Amino acid sequence: MSLENSRHVEALRRDLSREETGRRLMAWIEKLYPIPRSITGPGLRRTLEWIQERLPDLERREAPTGTKVLDWEVPREWRVREAWIRDPSGRKLADFDEHNLHLVGYSVPVDREVERAELEEHLHSLPEHPDWIPYRTSYYSETWGFCLTHRQREALPEGIYRVRIDSELVSGALSWGELVLPGREEGEILLSCHVCHPSLANDNLSSLAVAVALAGQLGELQDRRWTYRFLFVPGTIGAITWLASNRETVARIRAGLVLANLGDCGGFTYKRTHSGTAWIDRVMERLSAETGTSFEHRPFSPFGYDERQYNSPGFRLPVGRLTRTPHGEYPEYHTSADDLSLVEPEALAGSLDLLLAAAEILEGDDVYRNLAPYGEPQLGRRGLYRSLGGGTEGRERELALLWVLNQSDGGPGLLEIAARAGLPFRRIREAAAALVDAELLVPGAP
């Protein structure tokens, strides 16, 4: 029953040690951080292999190069062996092996000498942050480039430079991972995160680690109400490819979240679905009211991460986006400064806890019908009410019982009742469970 499942998720949350969980997730990020990932290629596959070691039921899927996916086409696979620049003295600069952000993503092969003026046309740096390396990509146009600190760039002497990019763009495949945790009801909850970014810790290794941990926790539920579908996809093209090949699946999605940037010390930011009133929107509203943490809600816009694909006009899936500090709103975003020092173990553990709290509501929210709707049933003789009146002990519990009885006419569900009553969802859920046990309440509409 859904109330029992919700209690089980609550128990999972209660058993979590924030400190131990944060350390574990941080260790995962440290392991994954050096891997040179892109939207295709060996680094992406290595990352999926790592996820599969922790989630053995993960299915790794691929779409061959050239596959038509909606209005897009799966690109060629990008592989890099080495990339660097040598200055006129022979000193090596912008070495891909030293930091994988040095090479513009999807750079085509180059092996030649160039003058400084020509080299400048292919360099990227950040004058406002002279010691950071920017992250740049060129997925869908054939070019090449290097990223370096602005301090390095300003110190480049005139002369002849040797440029070598030992890469290849070949027919291969786009890879992603998919984990399905079956539930007993028809609906599905979608959780989606990126696995394509290279050495960027908050964007988006933090969310990858939190998603893996969440999947592991929900996998422990023995009798899930909903099916939970986790997608570990390369950005944009991954979500589009999944949507193109899952036209039937999308009809079953009741709620969903795109997860991103969950490791920094900022408060939570929730971006609503296209409608702004979907079930997941109301779940996140309830959580922000109950958690007491900083929690900003923003309207939908067709800019951001993969929520814009899931909410596109042909699909309109009820998928919101959960972040801490949103992309582009912290200075380290898409730079080498988005490193391990930016991610806080406590923030990772807090993000996991919030998502488990969301699952607690999703599992427990249901519509009920009062079996004694004419007047207020006598709760005292059923052991649900205080034997002595006048005091305040147990008042919140009794208020929850009265709210659930009054509102359970087959209309509002427990989530809506909690919002109307201004009481924690858990308290409303506990009241519903007690009333079901007392045979005063049953699930479902009249």
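To keep things clear, this report deals only with the structure shown in the data block.

Rules and cut-offs
- Residue positions are given per chain, counting from 1 as you read along its sequence in written order.
- This being a predicted model, a pLDDT of at least 70 is required before a residue's local features are given, and a value of 80 or more before pairs of side-chain atoms are given or counted; all residues contribute to the totals for chains, interfaces and linings.
- Side-chain calculation: all heavy atoms of the structure are included, whereas hydrogens and water are not.
- For two strands to count as paired, DSSP must find a minimum of two bridges between them.
- Note on conventions: DSSP H or I runs of at least 4 residues are helices, E runs of at least 2 residues are strands, and numbering of each starts at the N terminus.
- All axes here are fitted lines through C-alpha atoms, helices being fitted over the stretch that makes contact, and every angle between N-to-C directions spans 0 to 180 degrees.
- When checking whether two residues touch, look at their non-hydrogen atoms; a contact exists if any pair is within 4.5 Å.
- Here, a salt bridge means any side-chain nitrogen of Lys or Arg that lies within 4 Å of a carboxyl oxygen of Asp or Glu.

**Things to note about the sheet that holds strand S15 (residues 295-298)**
Then step 1. Taken in spatial order, the eight strands of this open sheet run S1-S10-S12-S11-S13-S16-S14-S15, and their pairing is mixed. Unpaired on one side and paired on the other, strand S1 (59-64) and S15 mark the two borders of the sheet. If you compare each strand with its neighbour and ignore which way they point, the axes differ by 20° on average.
Then step 2. The pairing of S1 with strand S10 (residues 173-181) spans six bridges and is antiparallel. Residue pairing across strands places Arg-60 opposite Gly-177, the latter belonging to S10.
Then step 3. Together, S10, strand S11 (188-194), strand S12 (227-233) and strand S13 (253-259) form the strand contacts of helix H6 (residues 201-218), whose direction differs from that of S12 by roughly 155°.
Then step 4. On the sheet, helix H7 (residues 237-244) packs against S1, S10, S11, S12 and S13 and is oriented at approximately 65° with respect to S10.

**Structural notes on the sheet that holds strand S9 (residues 160-170)**
Then step 1. An order of S5-S4-S9-S6 is seen for the four strands of this open sheet, with the pairing classed as antiparallel. Each edge of the open sheet carries a strand with a single partner, namely strand S5 (92-93) and strand S6 (110-115).
Then step 2. Bridging between strand S4 (residues 77-86) and S5 involves two bridges; their strand directions are antiparallel. Within S5, the residue paired with Ile-85 across the bridge is Leu-93.

**Focus on the pattern of salt bridges**
Then step 1. One pass over the full model with this rule turns up 41 salt bridges.
Then step 2. The shortest N-O distance in the salt bridge between Arg-79 and Glu-77 comes to 3.1 Å.
Then step 3. Here Arg-420 makes a salt bridge to Glu-416, at a shortest N to O gap of 2.6 Å. Highlighted residues: Arg-420 and Glu-416, both in helix H12 (residues 414-421), separated by four residues, approximately one helical turn.

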